[in-house]
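# Structure assessment
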Amino acid sequence: MRINLPNIIGHRGAKDLAPENTIPSLEVSVEHNIKWVEVDVKISKDKIPFLLHDDLLDRTTSGRGYPYNYLYKEILNLDAGSWFNKKFSNTYPPTLKEVLIFCSSKRIGLNIELKPNKGKERINVNAISSLMKKNKFSVQYYFSSFDYFSLKLMRRKMPNATLGYLINNFDEKKLTSILEDCLNLHCFSIGFNINIINRTLVKNCKEKNFLVTVYSNNNIEYRTAVDLWAIGVDSIFVDNPAYYKKMLDNS
Ligand code: G3P
Ligand code: MG
């Protein structure tokens, strides 16, 4: 299914303004008038989908090791905010369900990135798809992933799901095979690392009718964003929406 995306999407909420992948990060996005946010999802030992970017709990929580070794009730007790700023010490890693309810209530769209630990792809997709099927969230959303296998699994579980493929570099696949894979899976978008995006790449994706998104490890500056939109990029993942204030206030 094809959906429209705004030209700015909050990255892990608004990761420069509040701890990434937490409710405060989503709240600050809403305060900045962001209309869509992106989050990364993993599963706990008891197969609860929750927000976490890294393979390990260590960088962004008070926990240690792999998330799939802990029950969600243990993860819920972790501090997911102090590493960013002491004032967020009461912040925990939220479940995807809580995030979907939050986005529904604020009427913002959600990009759910499937980011399973290696070997956990099937459990991750099963848990997320069954959450989506069991509940009726009034939220616009799409799934994305760097992991083609996860997208393939999701397509099987949810034939009508909206899917986007993410590409970090061209080491593993050439653009022609990426486009072919995306056509086969009926993806609606392709997301590229800012380091590899260029006009020709965008043109090639557009010819096949894909939306193009761009992400970076660092906040994309407004001037850079303007250049990216000018070459046809549809959406940019932004860490700090404050840089886009004027635009967001008028949206
Ligand atoms: O979906 C865009 C972006 O989130 C991909 O990179 O590592 O921040 O999840 P990462
Ligand atoms: Mg992500």
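For the structure itself, consult the block above.
The model shown is predicted, which means the values in this text are computed figures rather than measured ones. (Residues numbered from 1 in each chain as written. Chains lettered and ligands numbered in written order. Predicted model: local features only at pLDDT ≥ 70, side-chain atom pairs only at ≥ 80, totals over all residues. Heavy atoms only, no water.)

Residue placement: Glu-121 occurs in helix H4 (residues 121-134). Buried charged residue Glu-121 carries no salt bridge. Nearest counter-charge: Lys-118, at 4.5 Å. Of the polar contacts made by the side chain of Glu-121, one reaches the backbone nitrogen of Gly-119; its length is 3.0 Å. (Helix = DSSP H or I, 4+ residues; strand = E, 2+ residues; numbered from the N terminus. Buried < 20%, exposed > 50% of the residue type's maximum accessible area, 1.4 Å probe, protein only. Lys, Arg positive; Asp, Glu negative; His and termini not counted. Salt bridge = Lys/Arg side-chain N within 4 Å of Asp/Glu carboxyl O. Polar contact = N/O pair within 3.5 Å; in protein donor to acceptor, adjacent residues only side chain to side chain.)

What follows concerns the pattern of salt bridges. Inspection of every chain in the model, using the stated rule, returns 10 salt bridges. For Arg-59, the salt bridge identified is with Glu-20, shortest N-O distance 2.8 Å. Here Arg-59, found in the loop between strand S3 (49-51) and helix H2 (72-76), pairs with Glu-20, found in the loop between strand S1 (8-11) and helix H1 (23-31); they are 39 residues apart in sequence, far enough to count as distant. Classification of Glu-20 as buried rests on a relative accessible area of 6%. Taken together, the shared-partner salt bridges connect Arg-12, Glu-20, Asp-40, Asp-54 and Arg-59 into one network.

What follows deals with the packing of H1 against helix H3 (residues 96-106). Look at H1 against H3: their axes get within 11 Å of each other, and the N-to-C directions meet at 15°. Overall, the two elements H1 and H3 adopt an arrangement that is roughly parallel. Our pair here, H1 against H3, has a crossing hand that is right-handed. Residue-level contacts link Ile-23, Leu-26, Glu-27 and Val-30 of H1 to Glu-98, Val-99, Phe-102 and Lys-106 of H3. Of the residues assigned to the contact of H1 with H3, the class counts are 5 nonpolar, no polar and 3 charged. (Axes fitted to C-alpha atoms, helices over the stretch in contact; angles between N-to-C directions. Parallel < 35°, antiparallel > 145°, perpendicular 65-115°, else oblique. Left-handed = near helix turned anticlockwise from the far one by under 90°. Contact = heavy atoms within 4.5 Å. Nonpolar A, V, L, I, M, F, W, Y, C, P; charged D, E, K, R; others polar.)

For the rest of this paragraph, the subject is the pairing of strand S7 (residues 189-193). Most of S7 sits out of view: 5 of its 5 residues are buried. Here S7 shows two buried faces, one formed by Ser-189, Gly-191 and Asn-193 and the other by Ile-190 and Phe-192. In terms of strand pairing, strand S6 (residues 163-167) meets S7 through 4 bridges, oriented parallel. Considered in S7, the bridge of Leu-166 is made with Gly-191. Regarding the hand of the β-α-β motif, the stretch spanning S6, helix H6 (residues 175-184) and S7 is right-handed. Across 5 bridges, S7 lies against strand S8 (residues 211-215) in parallel orientation. Bridging across to S8, Gly-191 finds its partner in Thr-213. (Pairing = 2+ DSSP bridges. Right-handed = clockwise from strand over helix to strand, strands pointing away.)

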